[in-house]
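# Secondary and tertiary structure notes
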Amino acid sequence: SSPMFPMLTVLSMFYYICLRRRARTGTRGEVMNSRRAIESNHRTLPLTVEVEQFAKEVLDFSSHYGSENSMSYTMWNLAGMPNVYPSSGDFTQTAVFRTYGKWWEQCASAPQAFRRTPLTFQSRDFVELAFEEPVYPTAIDVMETYHPGAVVRILACSLNPFSQNPPADVRWEVLWSGKPTKMLTPQARQFSPSIKQINFPTNLIRLEVNSTLLEYYTELDAVVLHGVKERPVLSLYKMPLIDISDLSDSDEEKDACDPGRLCKQCGHPCPHEFTGNGFFDKLPYELIQLIVSHLTLPDLCRLAQTCKLLHQHCCDPLQYIQLSLQPYWARLTDASLEHLQSRCTQIQRLNMSWCGNRGAITYSGFHSFMKACGAKLVCLELACCHFLNEACLEVIAEMCPNLQELNLSSCDRLHPQSFLHISKLSWLRRLVLYRTKIEQTALLSILTFCTEIQHLNLGSCIMIEDFDLIASMISAKCKKLRSLDLWRCKNMTEKGLRDLVSGCRLLEELDLGWCSTLQSSTGCFVHLARHLPGLRKLFITANRTVCDADVEELAAHCRHLQHLDILGTRMVSPASLRKLLQSCKNLLLLDVSFCSQIDNRVVQELTVHFPNVSIQKSFTQ
């Protein structure tokens, strides 16, 4: 017999013991999968020929630069064979995420960062890709055609998106992870990291990116999945780690850590049975709370299982005043929310972005959690949460009366009528509706009743028919507005812009990128500059009518300007840019890509004279 067989038998016995202990908190599906993993180690699996496939379909993503009704700069360009690679540069046929660098995090409209976010979670955006055939992955190739280095995680899913029989438990496995990087050159590359072997076939791959270190937009062209149809080698099943679902303590564990436990031999407390904690319990309660507050959520859950004292501290609702569940999106379920429910009764800020998709969270689980924990919520982040339906928004409106911040970014599957419930949240100060299907009626209702709004994102809201009417309502009702994102709104005219800036004099950020119906000849941009002296960020991206007069008005009236994007204009000269840079001493970012009068020589000259300003000019080759 093979010498490997006895060793596998011993390992199987050891794991069976561990399995029984794990079975207290694991689901039946986990236990069955673990047993199958043990049994599979007793047979040799055949090798097969490697399959190479490009993505068949883009299933989901968090953001993109492009329009919802176009292919230019959209995530949908990741499907199929490369359009650009191995060429380098800025091409419309690639996939581009909405932001890059740290500019967006420095704006007044940026949300406050959540404490306890693990340092290992670096992701800011994602895209999910479906491939034709499920395989055991052997390699992943990502074709990066401009400013590479943003990919930080690659994951595989056990779910076949084309199958009519979904698995009972959807599993995600990290194939590779790393830190965001900034390459020495923006040139194209094929990124092929060494990936981990997994014990299930997959045809659903997820890329997560972080572009904060990059000087410009990263562009992706295609993804190749290499794999084999059969498991290529033996792989021992790894013990699952304690995660955020393992929040309850068994009687066995409580007994094991009970300082009052008696010695089995003499019937009295015995030092051999219990070792002291070094007087840790003598520390002030507040000091232990402070120490524990530095732990991530999984570590907090693990620590809660060590002894009664730390269980008390780790379950104290004051440890959960703010909580980000986004780093654990792949594991968060109804059961997780149920376990957390008793701890989150005092919660004020909650981030569930990316969580609960593909049935992991249901209306029932969400309703129960909001009913128990929503009363004191002031901030709720729900970006890309596709479990949300109209009933969920109704629950938020009823259970979270104090809500001030609501992010529904890329919740593009919500029915348009669902958004009417938001109008009941009269204390809202920040509302993000980017890439949602909100319609005009619901938005007008929200603007009528939510007059405290300071930050409003309506980027890529393609269902709104008349942005002039919306701008007029914002002007009349939202006098405290400080930031407004109208990225790619297609029907605003100079009338709407004039109404807007006349009524919202506190505006610091205004994004009019790709708003093609605005014409400089009407004087709307001059009017904007003269009425918004506190403006710090202005995007007039891809408006070819912006001219020297507009830039010089900004230089004269908007001295606090920090970010300006005039990409694509043909009518701005180097002279007007010099006036702007001399006048606006706080300017940090100036995008002049595809400005026909601004060549690389001019950019180099301006960079020498104004070294504190990041002057962007993309290229194609």
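Procedures and definitions
Residues numbered from 1 in each chain as written. Predicted model: local features only at pLDDT ≥ 70, side-chain atom pairs only at ≥ 80, totals over all residues. Heavy atoms only, no water. Helix = DSSP H or I, 4+ residues; strand = E, 2+ residues; numbered from the N terminus. Buried < 20%, exposed > 50% of the residue type's maximum accessible area, 1.4 Å probe, protein only. Contact = heavy atoms within 4.5 Å. Areas by Shrake-Rupley, 256 points an atom, 1.4 Å probe, with all protein chains shown as cover. Pairing = 2+ DSSP bridges. Axes fitted to C-alpha atoms, helices over the stretch in contact; angles between N-to-C directions. pLDDT = per-residue confidence, 0-100. Parallel < 35°, antiparallel > 145°, perpendicular 65-115°, else oblique. Nonpolar A, V, L, I, M, F, W, Y, C, P; charged D, E, K, R; others polar. Core = buried A, V, L, I, M, F, W, Y, C linked by side-chain atoms within 4.5 Å. Domains from an automatic or database assignment. Salt bridge = Lys/Arg side-chain N within 4 Å of Asp/Glu carboxyl O. Patch = residues over 30% accessible without salt bridge, like charges linked within 9 Å, V, L, I, M, F, W, Y side chains within 5 Å. Disulfide = S-S within 2.5 Å. Phe/Tyr/Trp six-rings, centres within 6.5 Å; stacked < 30°, edge-to-face > 60°. Lys NZ or Arg CZ within 6 Å of the ring centre and 35° of its normal.

Below, the discussion takes up the overall build of the protein chain. In terms of helices and strands, the protein chain carries 16 helices and 21 strands. A total of 621 residues make up the protein chain; the buried ones form 52% of that total. Residue pairs in contact within the protein chain that sit at least 24 positions apart in sequence constitute 80% of those at least 6 positions apart. Surface summary for the protein chain: the accessible area is close to 27400 Å², and the carbon and sulfur share equals 55%.

Let's shift gears to the sheet that holds strand 19 (residues 563-565). Spatial ordering of the open sheet is given by 10-11-12-13-14-15-16-17-18-19-20-21, a layout of 12 strands whose pairing is parallel. Single-partner strands in this sheet number two, and they are strand 10 (322-324) and strand 21 (614-616). Taking each pair of neighbouring strands and ignoring which way they run, the sheet shows an average axis angle of 5 degrees. Two strands pair when backbone bridges link them, and strand 14 (residues 430-432) and strand 15 (residues 455-457) are joined in this way by 3 bridges, in the parallel orientation. Bridge pairing in strand 15 links Leu431 to Leu456.

When pLDDT is averaged across the protein chain, the result is 88; 85% of the residues are at 70 or more. Considering only residues more than four positions removed or in separate chains, one finds that residues 1-46, a stretch of pLDDT under 50, has 42 contacts. For residues 247-274, every residue scores under 50 in pLDDT, and the model assigns this stretch 33 contacts once sequence neighbours within four places are set aside.

Our next topic: the packing of helix 13 (residues 524-531) against helix 14 (residues 548-557). Running from N to C, helix 13 and helix 14 point in directions that differ by 5 degrees, and their axes come no closer than 8 Å. Classed by the angle they form, the pair helix 13 and helix 14 counts as roughly parallel. Facing helix 13, whose interface residues are Phe525, Val526, Ala529 and Arg530, helix 14 presents Asp550, Glu553, Leu554 and His557. Of the residues assigned to the contact of helix 13 with helix 14, the class counts are 4 nonpolar, 1 polar and 3 charged.

This part takes up the packing of helix 14 against helix 15 (residues 574-583). For the pair helix 14 and helix 15, the least separation of the axes is 8 Å and the interaxial angle reads 10 degrees. Relative to helix 15, the element helix 14 is oriented roughly parallel. Listed contacts from helix 15 to Asp548, Val551, Glu552, Leu554 and Ala555 of helix 14 are Ser576, Lys579, Leu580 and Ser583. When its residues are assigned to classes, the contact of helix 14 with helix 15 shows 4 nonpolar, 2 polar and 3 charged.

A few words on the nonpolar core. Grouped together as the largest cluster of nonpolar side chains are 119 residues, with contacts concentrated most on Met352 and Leu497. Residue assignment places this core across two domains, with domain 1 (50-228) and domain 2 (519-620) each supplying three or more. Setting aside chain neighbours within four positions, we find Leu497 in contact with Met492, Leu510, Leu512, Leu518, Cys524, Phe525 and Leu528. Core analysis: the next-biggest nonpolar cluster, separate from the first, contains 30 residues, Met75, Ile140, Val151 and Ile154 among them.

One pass over the full model with this rule turns up 26 salt bridges. A salt bridge links Glu128 to Arg358; the nearest nitrogen and oxygen atoms lie 2.8 Å apart. Of the two residues, Glu128 is situated in strand 4 (residues 125-146) and Arg358 in the loop between strand 11 (349-351) and helix 8 (363-373); the sequence distance between them amounts to 230 residues. Look at Arg358 and you get partly exposed, because its relative accessible area is 34%.

A separate point is the pairing of strand 5 (residues 151-157). Within strand 5, 7 of the 7 residues are buried, which leaves it mostly tucked inside the rest of the structure. Examined bridge by bridge, strand 5 and strand 8 (residues 202-209) share 6 bridges and lie antiparallel to one another. Paired with Leu155 across the bridge in strand 8 is Arg206.

We now examine the environment of Pro134. Summarising the element assignment, Pro134 is placed in strand 4. Relative accessible area serves as the criterion here: at 26%, Pro134 is assigned to the partly exposed category. Taking C-alpha positions, Pro134 is 9.4 Å from Leu159, a pair spaced 25 residues apart along the chain. When near neighbours in sequence (up to four residues on either side) are disregarded, Pro134 contacts Asn160, Pro201, Thr202, Asn203 and Lys229.

When we look at burial in helix 15, the residues that qualify are Pro574, Ser576, Leu577, Leu580, Leu581 and Ser583. Turning to helix 15, the residues buried within the fold contact helix 14, strand 19, strand 20 (589-591), helix 16 (600-609) and strand 21.

What follows covers unusual backbone geometry. Geometrically, the link from Tyr85 to Pro86 is a cis peptide bond, its omega value of 15 degrees lying close to zero. Tracing the sequence through the fold places Pro86 in the loop between strand 2 (57-61) and strand 3 (95-96). In the Ramachandran plot, Ser410 falls in the positive-phi region, its phi being about 60 degrees despite a non-glycine side chain. Within the secondary structure, Ser410 is located in the loop between strand 13 (405-407) and strand 14. Exposure remark for Ser410: the relative accessible area of 0% places this residue in the buried category.

For the rest of this paragraph, the subject is the side chain of Ser583. Position of Ser583 relative to the elements: it lies in helix 15. Discounting chain neighbours no more than four positions away, the residues touching Ser583 are Ala555 and Arg559.

This brings us to a nonpolar patch on the surface. Together, Leu283, Leu287, Leu290 and Ile291 line one region of the surface with nonpolar side chains, adding up to about 320 Å² of accessible area. Its location among the elements puts Leu290 in helix 4 (residues 285-292).

Glancing now at the state of the cysteines. One covalent bond between the sulfur atoms of two cysteine residues makes up a disulfide. Tallied over the full model, the rule gives 0 disulfides. This cysteine, Cys355, is not joined by any disulfide, and Cys385 carries the nearest cysteine sulfur, 5.9 Å off. With relative accessibility at 0%, the residue Cys355 sits in the buried group.

Moving on to the environment of Gly459. Along the chain, Gly459 turns up in the loop between strand 15 and helix 11 (467-477). Note: C-alpha distance between Gly459 and Cys489 (30 residues apart in sequence) is 6.9 Å. In contact with Gly459, other than residues within four places in its own chain, are Leu433, Tyr434, Arg435, Asp485, Leu486 and Trp487.

Here we come to the packing of aromatic side chains. In this structure the tally under the stated criterion is 16 aromatic pairs. These aromatic residues form a ring-pair network of at least three members: Tyr65, Tyr73, Tyr100, Trp104, Tyr146, Tyr216, Tyr217, Trp487, Trp514 and Phe539. Sitting above the plane of the Phe126 ring, Arg206 keeps its charged end 3.8 Å from the centroid. Here the guanidinium or amino end of Arg349 rests over the ring plane of Phe114, the centre of that ring lying 4.1 Å away.

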